[in-house]
Amino acid sequence: MAEKVERPINNIFIKNIMIKAGVGIKRNLENHEQAAIDASREAAAQLEGMRPQIVFAFSSIKYNQEEVLAGLKKSFPDVQIVGGSAAGEITSSETAFDAVNVMAVASDQISFSVGCGLGVSKNSFETGAEAARSVIQNNGGKKPDLFIMIPDGMTGNGADIVDGAKSILGENFPIIGGSSGDDYRFQKTYEYCQDKVLTDAVIGIGLSGKFSYGFGIRHGWEPVGLPLKVTKAEGTLLKEINNEPALKVYEDYFGKEASELTKEPLARMAYTYPIGVEVEGSDELLIRDPVIANEKGEISMAAAIPEGAVVRLMIGDRDKAINAAKWAAETAKSQLDGRQPRFILMFNCMARNKLLGVRCSEENQLAQSVIGQGVPMSGFYTYGEQGPLLGRKNSPAHFHNETMTLLVVGE
Amino acid sequence: MNDSGKTQFFDSPEEQIAELNRIAKTLVRRDLELSQVRAKQEEQIAELEQTARILVRRDAELTTAKERLERLNAEKSEFLSIVAHQLRTPLTGIKWSLAAVQRSLGEKVAEKEKELILQSLASTERMIALVNDFLNVVRIEEGRITYVFQPHNIRKFVKETAEMFAKSIEEKNIDFGLSVDDKAPEEIVFDDEKITIVLQNLLENAIKFTPPKEKISLSVRCREGKILFAISDNGIGIPEDERDKIFRKFSMASNAIMYEGGKGIGLGLYLSKNIVEAHGGEINFTSEEGKGSVFYFSIPLKTGA
């Protein structure tokens, strides 16, 4: 470990402001632990000998998650580790779907406190709250300045998790994050907390100290057809729309039989045609992804839509989605007020990858170039994103789908 | 406007809404179909790209392998050439020494020693011939063989070549016939040194594989602007299933190997074919196992002018 950079000027020690991140991404389907070790080595090499405070890791589900974590622990024995399984791994250099992605952050002016809550499927609200509470506890009883969350992407109510965290941190507390994925299998997702591979959990990361940050959140999807009314809903289960089975909307619009829409996760066909909910304070509709439909024509959503809500079917367009990503990056950058960006965390909805197809890396590269080439960037394709509408500061965080969600941390 | 392009009026807002709804559904359906088609296309493109990448990689591997083989082959030829040259000099030395010993001993030497010296001489000559074959093959493969095309008296040439085998023909008591077409011109253009090699090889084989007291004939005919040499024998013939490989390098018929106990190395016919083809001619044979073979080759008939 190298000494911190300190320069004597006129007998006064002036400490350089220091936030440094390194990113590594590697594939090795024969040796999963080695993939994590090699990615870690690549990330660590960019830290110029400085010891990282925290490691963010996102891995394809093609890798045994325990082996990935073992590789991370071997590489960074006394460093805090957070992360989760993904539906795609994103870095400054590439967009991959079979890799282990590692970002190590070293800083002497940010302290990172990690905590977690367990049991999303039983009580999403309480698990979100517990993640926030344990972060505060590990931060010496103080609220951090910024809260990053990585909730489970398959279990529970995405919106309740966010509300739970807000109940502890405060309504307008800056919260951002992304839900874990599983390479579009829609079976089981994992979260990493220190030396444990968890599932059904919410990971919380508190950032405290001297730093700036910017949020950028936008999707670019547009409503189509008439407004529809949710007439029956129970938690995340969307039962009836316009007094008919909810699935009928998709039968009508897709021109398909209900049986075709229930035999495999509805998400596979519908994730680029989600449900939009009008919300105050945003020119974009808040999106809720359908995940799976049952024989009764009820749809399990990624987050609850309350009874009585007016919804629209949403439709995506490649150019508009890419423009939205650009807008998100510009917004995040502008919030730094001219301070140097030091690292980027990208939480990019898996539906965007499906919509953009071969152009999927285009928006990732665009976001990178808007914020700054050379700024270390790490992220993953998510099953849900968290943050304030449009990334606006001092406004409540929500659960999103289909969004490009960006966090830029600067000096 | 409706589908036919005419302006459509609605009787009620409900009707208008229903129409808008219908349009929205059509739009979503089309979009879904298009996105599915596009996804399939992109998948196919990705597969094609993958295939292309594999092909490029294979091509690079093949090129490397080919270059390696070419290098190895060049090294092999060079090695053979060096070995052959290095062998020829001492072999020639042995041959002349043996000949000198034979001459100086004259009649003083006992019959048994005389026989041994003769055998040594014959073996040495055989080795020199083999080394020469090797050298010629190497030269052909390296493209280093040069041909000197000059007019030669065909009757004299054939006669002289056949006379080289007079002794062995006599020893085996073979009925040897030689005939040259009356129509053949006096002088014909060819490389005498190289055609000698071909005739030597074919006559040597004929004598080798023909039992004593049987027949061998060498005939030269002029036909359709070609001169045709044919050597026929009553020898062991060539098995039918081995006829394709007979002109290949290091290739010998299995019955030939049995018959002469593996003395040859299978370069003669390969060399002959190359020489004949370099003259713009063709070489071939007919054969019946146990009854005999006819080897024949033709070269274009060119006279001195």
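Residues numbered from 1 in each chain as written. Chains lettered and ligands numbered in written order. Predicted model: local features only at pLDDT ≥ 70, side-chain atom pairs only at ≥ 80, totals over all residues. Heavy atoms only, no water.

Enquirer: Explanation requested: the overall build of chain B in the structure shown.
Expert: For chain B, the helix and strand inventory stands at 7 helices and 7 strands. In sequence order, chain B lays out its α and β elements as α-α-β-α-α-β-β-α-β-β-α-α-β-β. Burial analysis of chain B (305 residues in total) assigns 33% to the buried set. Counting contacts in chain B only where the partners sit at least 6 residues apart, residues at least 24 apart contribute 70% of the total. When the accessible surface of chain B is totalled, it reaches about 19,400 Å², and 54% of it is carbon and sulfur. (Helix = DSSP H or I, 4+ residues; strand = E, 2+ residues; numbered from the N terminus. Buried < 20%, exposed > 50% of the residue type's maximum accessible area, 1.4 Å probe, protein only. Contact = heavy atoms within 4.5 Å. Areas by Shrake-Rupley, 256 points an atom, 1.4 Å probe, with all protein chains shown as cover.)

Enquirer: Please explain the packing of aromatic side chains as it appears in this structure.
Expert: Aromatic ring pairs: the centre-centre distance and the angle between the two ring planes describe each pair. If you walk through the whole model with that rule in mind, you get 16 aromatic pairs over all chains. Ring centres of Phe 186 of chain A and Tyr 271 of chain A lie 6.3 Å apart, and the angle between their planes is 45°; this geometry places the pair in the tilted category. With Phe 186 of chain A in the loop between β11 (175-178) and β12 (191-193) and Tyr 271 of chain A in the loop between α7 (266-270) and β19 (275-277), this residue pair connects regions lying 85 residues apart in the sequence. Owing to a relative accessible area of 10%, Phe 186 of chain A belongs among the buried residues under this scheme. Given a relative accessible area of 6%, Tyr 271 of chain A falls into the buried group. Linked through ring pairs, Tyr 184, Phe 186, Tyr 271 and Tyr 383 of chain A together constitute an aromatic cluster. A cation over a ring is seen here: Lys 354 of chain A above Tyr 184 of chain A, with NZ or CZ 4.5 Å from the ring centre. Over the aromatic face of Tyr 147 of chain B sits the side chain of Lys 194 of chain B, whose NZ or CZ is 5.1 Å from the ring centroid. (Phe/Tyr/Trp six-rings, centres within 6.5 Å; stacked < 30°, edge-to-face > 60°. Lys NZ or Arg CZ within 6 Å of the ring centre and 35° of its normal.)

Enquirer: It is not clear to me how the interface of chain A and chain B should be interpreted in this structure. Could you clarify?
Expert: Much of the literature gives interface size as the accessible area that the parts lose upon coming together. Contact with chain A, which involves 17 residues of that partner, is made by 13 residues of chain B. Overall, the association of chain A and chain B removes approximately 1,300 Å² of surface from exposure, summing both partners, and the carbon and sulfur fraction of that is 61%. Contact with chain B buries surface across chain A, with Leu 226, Tyr 253 and Tyr 273 of chain A losing the most and accounting together for 39% of the total. Inspection of the chain A/chain B interface yields 2 salt bridges. Taken together, chain A and chain B are joined by 9 residue pairs in polar contact (both at pLDDT 80 or more). For the side of chain A that touches chain B, the secondary structure elements donating two or more residues are β16 (222-234), α5 (247-254) and β23 (310-315) of chain A. The residue inventory of the side of chain A that touches chain B, partitioned by class, reads 10 nonpolar, 4 polar and 3 charged. (Buried area = accessible area lost by both parts, 1.4 Å probe. Salt bridge = Lys/Arg side-chain N within 4 Å of Asp/Glu carboxyl O. Polar contact = N/O pair within 3.5 Å; in protein donor to acceptor, adjacent residues only side chain to side chain. Nonpolar A, V, L, I, M, F, W, Y, C, P; charged D, E, K, R; others polar.)

Enquirer: Just to check I follow, could you spell out the nonpolar core for this structure?
Expert: Inside soluble globular proteins, nonpolar side chains tend to come together where they are buried. All names here are of chain B. One finds Ile 154, Leu 199, Ile 227, Phe 229, Ile 231 and Phe 297 to be the most contacted residues of the largest nonpolar core, which totals 46 residues. The biggest single contributor to this core is helix α5 (residues 192-208), with 8 residues. Setting aside anything within four residues of it in sequence, one finds Phe 229 in contact with Ile 154, Val 158, Leu 199, Ser 219, Val 220, Phe 295, Tyr 296, Phe 297 and Ile 299. (Core = buried A, V, L, I, M, F, W, Y, C linked by side-chain atoms within 4.5 Å.)

Enquirer: Would you mind showing me how to read the pairing of strand β6 (residues 282-288) of chain B here?
Expert: Remark: a regular strand shows side chains that alternate across the two faces of the sheet. Residue and element names in this part refer to chain B. Covered by surrounding structure in β6 are Ile 283, Phe 285 and Ser 287 only, the residues Glu 282, Asn 284, Thr 286 and Glu 288 on the alternate face being uncovered. With 7 bridges joining them, β6 and strand β7 (residues 292-300) adopt antiparallel strand pairing. What sits directly across from Thr 286, in β7, is Val 294. Turn length for the β6-β7 hairpin, with the two strands adjacent in sequence and antiparallel, is 3 residues, and the turn residue Gly 290 shows positive phi of about 85°. (Pairing = 2+ DSSP bridges.)

Enquirer: Mind showing me how you'd approach a nonpolar patch on the surface here?
Expert: Residue and element names in this part refer to chain B. A contiguous nonpolar surface patch, about 260 Å² in accessible area, is contributed by Phe 79, Val 83 and Leu 87. Counting through the fold element by element, Val 83 comes out in helix α1 (residues 13-105). You can call Val 83 partly exposed: its relative accessible area is 31%. (Patch = residues over 30% accessible without salt bridge, like charges linked within 9 Å, V, L, I, M, F, W, Y side chains within 5 Å.)

Enquirer: Before we go on, may I ask you to explain α5 of chain B in this structure?
Expert: Every α-helix winds through 3.6 residues per turn, so residues three or four apart in the chain are directed the same way. Over its 17 residues, α5 of chain B extends 23 Å from the first C-alpha to the last, a length consistent with the 24 Å expected when each residue adds 1.5 Å. N-capping of α5 of chain B is provided by Asp 191 of chain B, with a side-chain oxygen placed 3.1 Å from the backbone N of Glu 193 of chain B. (Expected span 1.5 Å × (residues − 1).)

Enquirer: What am I meant to see in the packing of α1 of chain B against helix α2 (residues 111-141) of chain B here?
Expert: Each pair of packed helices can be summarised by the angle the axes make with each other and by the distance between the axes. Residues and elements named next belong to chain B. The interhelical angle for the contact between α1 and α2, taken along N-to-C directions, is 155°, at an axis separation of 8 Å. Comparing their axes, α2 and α1 come out roughly antiparallel. Considering how the two elements wind past one another, α1 and α2 form a crossing that is left-handed. Grouping the constituent residues of the contact of α1 with α2 by class yields 18 nonpolar, 8 polar and 6 charged. (Axes fitted to C-alpha atoms, helices over the stretch in contact; angles between N-to-C directions. Parallel < 35°, antiparallel > 145°, perpendicular 65-115°, else oblique. Left-handed = near helix turned anticlockwise from the far one by under 90°.)

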